[in-house]
Amino acid sequence: RCNVFIGDILTTLPCFLEQILSMVYLYGGHVTSWKNDHGEELLFVSSKAIFKPPKAIRGGIPICFPQFSNHGSLEQHGFARNRFWSIDTDPPPFPTNSSSKAFVDLILKPSEEDLKIWPHSFEFRLRVTLGPGGDLMLTSRIRNTNVEGKPFTFTFAYHTYFSVSDIRKGCCFGLAYLLLFSEVRVEGLETLDYLDNLKNKERFTEQGDAITFESEASPGNHLLVPDSCYVDKIYLSTPTKIAILDHEKKRTFVIRKDGLPDAVVWNPWDKKAKAMADFGDDEYKHMLCMETAAVEKAITLKPGEEWRGRQELSAVPSSYCSGQ
Ligand code: BG6
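Every value quoted in this text rests on a predicted model; they were computed, and no experiment measured them.

On to the overall build of the protein, then. Helices and strands together make up the secondary structure of the protein, namely five helices and 17 strands. Residues counted as buried form 40% of the 324 residues belonging to the protein. The contacts of the protein with a sequence gap of at least 6 include a subset with a gap of at least 24, amounting to 67%.

Let us now look at the sheet that holds strand 13 (residues 241–246). The sheet built from eight strands is open, its strands ordered 4-5-6-7-17-14-13-9 with antiparallel pairing. Each edge of the open sheet carries a strand with a single partner, namely strand 4 (86–87) and strand 9 (184–187).

The environment of the ligand is formed by Ser69, Gln76, His77, His159, Asn197, Asp232, Val264, Trp266 and Glu291. Of the residues assigned to the shell around the ligand, the class counts are two nonpolar, five polar and two charged.

What follows is about the nonpolar core. Residues Phe162, Ile244, Val265, Leu288, Met290 and Ala293 are the most contacted members of the largest nonpolar core, which totals 72 residues. The contact partners of phenylalanine 162, leaving out residues within four places of it in the chain, are Leu43, Phe44, Ile244, Phe253, Met287, Leu288 and Met290.

Now for the pairing of strand 6 (residues 122–130). Along any regular strand the residues' side chains alternate between the sheet's two faces. With seven of nine residues buried, strand 6 lies mostly within the body of the structure. Where strand 6 meets strand 7 (residues 136–144), nine bridges bridge the pair, whose relative direction is antiparallel. If you follow phenylalanine 124 over to strand 7, its bridge partner there is isoleucine 142. The antiparallel pairing of strand 6 with strand 7 creates a hairpin that spans five residues between the two strands, and glycine 134 there sits at a positive phi of about 90°.

With that settled, the discussion passes to the environment of glycine 28. Residue placement: glycine 28 occurs in the loop between strand 1 (24–25) and strand 2 (30–31). Along the primary structure glycine 28 and isoleucine 61 are separated by 33 residues, whereas in three dimensions their C-alpha atoms are 9.3 Å apart. Setting aside its immediate chain neighbours within four residues, glycine 28 contacts Ala56, Ile57, Pro62, Ile63, Arg81 and Asn82.

Moving on, we get to the sheet that holds strand 16 (residues 287–301). Read across the sheet, seven strands follow the order 3-8-16-15-12-10-11 without closing on themselves; strand pairing throughout is antiparallel. In this open sheet, the two edge strands, each paired with only one partner strand, are strand 3 (63–64) and strand 11 (202–205).

Turning our eyes to something else, we now look at the environment of phenylalanine 156. Take phenylalanine 156: it is sitting in strand 8 (residues 152–163). Residues phenylalanine 156 and cysteine 64 lie 92 residues apart in sequence; the distance between their C-alpha atoms is 5.3 Å. With residues up to four places along the chain from it excluded, the contact list for phenylalanine 156 reads Cys64, Phe65, Phe68, Ala293, Ala294, Ile299 and Gly309.

Rules of the game
Residue numbering note: each chain is counted from 1, following its sequence as written. Only residues with pLDDT of 70 or above have their local features reported here, since the model is predicted, and side-chain atom pairs are shown and tallied only from 80 upward, although totals for entire chains, interfaces and linings are computed over all residues. Secondary structure elements follow DSSP: runs of H or I no shorter than four residues count as helices, runs of E no shorter than two count as strands, and numbering proceeds from the N terminus. Exposure criterion: with C-beta atoms placed from backbone coordinates, a residue whose C-beta has 20 or more other C-beta atoms within 10 Å is buried, one with 12 or fewer is exposed, and one in between is partly exposed. Contacts here follow a simple rule: the backbone-placed C-beta atoms of the two residues must lie within 7 Å. Note on pairing: two strands pair once DSSP finds at least 2 bridges between them. What makes a residue near a molecule or strand is its C-beta atom, placed from the backbone, lying within 6 Å of it. Three residue categories are used. Nonpolar comprises Ala, Val, Leu, Ile, Met, Phe, Trp, Tyr, Cys and Pro, charged comprises Asp, Glu, Lys and Arg, and polar comprises the others, including Gly. Throughout this description, the term nonpolar core refers to a group of buried Ala, Val, Leu, Ile, Met, Phe, Trp, Tyr and Cys residues whose C-beta atoms join them within 7 Å.

Below you can see the structure in the form of structure tokens.
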């Protein structure tokens, strides 16, 4: 567990201090918990998650850097998620539009071993902030510190695992059920182009209304075939606000982002879940990954340049309507 940068939150926001202490691991610079005012956990973490190397923690918010997924020659999702980060005791000023002082500053620099697999010197600063209303903000600042004048290129994602009631409802119970009672749906990605990781990263255009989790394998046939809803799509040039509506929990997650044009939607469904050692067989029902990302257009930094990517999460009661 990490010791935190305290600032002056001890005197002003003691309950936030307790919360922030329990939510960030130095291993991976990884947020593993985010709770609402009622103490309900909003992020999913697998009961089989392993909190030590070499695997990343299964759940919470892994950081994918310097490579998203298998889009390159590095290990899946890059190495930042399975390295030990440090507390940044002397962070430069972070521009933020929040007045919150409840935050943790972490830093990752490459080790000698890292430089052998990715020969680029960088400083990755991560600020995790809890807003006064309970919002969770992650701000990443990545700087090219190469002295030899070499630029570098990377892809990135905040691989957030949201906790949801039951993603299957609306999937395998027939068309009428799907249309009327979809429990979990995503708004903000309709009509966008996406790359389908399950179809050789081919490009498609999303049709219709909000995204629900119906059969990929047999579209239009979910009335008869309780097929898999395994989804692994990279939506491109997405809006700065995306919402996950969970009717049963009467909750909407609102995801706001800056510097992160893409959004990945992933749920392994049953077969893939069973094949994952650090994931319970039935846990796919209660999670949905919505990953704010920069994948399609990789980011290039010249020496001395810095990139910023910010994600802000809110959980609001379901009376919230999209567009408000
Ligand atoms: C998603 C990818 O971001 O992460 C999927 O799009 C991948 O292809 C998933 O399966 C989980 O990856 P990992 O390495 O954490 O098992």
